[in-house]
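Survey of secondary and tertiary structure
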Amino acid sequence: MSENELSPYTSFLFARPTFWEGMGRALDLGGTMTDYNRSPSGEEADDLALRADFIAVAEDLQSGVHQFSQEMMEHSDHG
């Protein structure tokens, strides 16, 4: 995953709109077009959201460790 790319877990609970839905949302002052991903029960939705959060944090940590190790290698090459 590139530095500017969002993880799919970042917006796990929200359905991603198409371009035209996004344009329509600009005019949707009442929020009637807002759509969420659905689960059979609240407990399952909580479980899925918690797992998605955990994966997103793990991906962020992995990215940070990778970036830090690259910077350390660059620093050691110059010194």
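Refer to the structure printed above.
These figures come from a predicted structure and were not determined experimentally.

**Observations concerning the pattern of salt bridges**
Counted according to the given criterion, the structure contains 1 salt bridge. The partner of R51 in a salt bridge is D47, with the nearest N and O atoms 2.9 Å apart. Here R51 and its partner D47 are both found in helix α2 (residues 42-78), 4 residues apart, which amounts to about one turn of the helix. The exposure class of R51 is exposed, given its relative accessible area of 53%.

**Brief notes about the environment of S39**
For S39, the location among the structural elements is in the loop between α1 (19-25) and α2. Excluding residues within four positions of it along the chain, S39 makes contact with E44, A45 and L48.

**Focus: a nonpolar patch on the surface**
Nonpolar side chains collect at one region of the surface, where F19, W20 and M23 lie side by side and expose about 420 Å² of accessible area between them. One can find W20 in helix α1.

**Side note on the packing of aromatic side chains**
For any pair of aromatic rings, the description consists of the separation of the ring centres together with the inter-plane angle of the planes. For the structure on display, the rule yields 1 aromatic pair. The interplanar angle of 80° and the centroid separation of 5.1 Å between the aromatic rings of F19 and W20 together place this pair among those described as edge-to-face. With respect to burial, F19 and W20 carry one shared label: exposed.

Basis of the calculations
- Residues numbered from 1 in each chain as written.
- Predicted model: local features only at pLDDT ≥ 70, side-chain atom pairs only at ≥ 80, totals over all residues.
- Heavy atoms only, no water.
- Salt bridge = Lys/Arg side-chain N within 4 Å of Asp/Glu carboxyl O.
- Helix = DSSP H or I, 4+ residues; strand = E, 2+ residues; numbered from the N terminus.
- Buried < 20%, exposed > 50% of the residue type's maximum accessible area, 1.4 Å probe, protein only.
- Contact = heavy atoms within 4.5 Å.
- Patch = residues over 30% accessible without salt bridge, like charges linked within 9 Å, V, L, I, M, F, W, Y side chains within 5 Å.
- Areas by Shrake-Rupley, 256 points an atom, 1.4 Å probe, with all protein chains shown as cover.
- Phe/Tyr/Trp six-rings, centres within 6.5 Å; stacked < 30°, edge-to-face > 60°.

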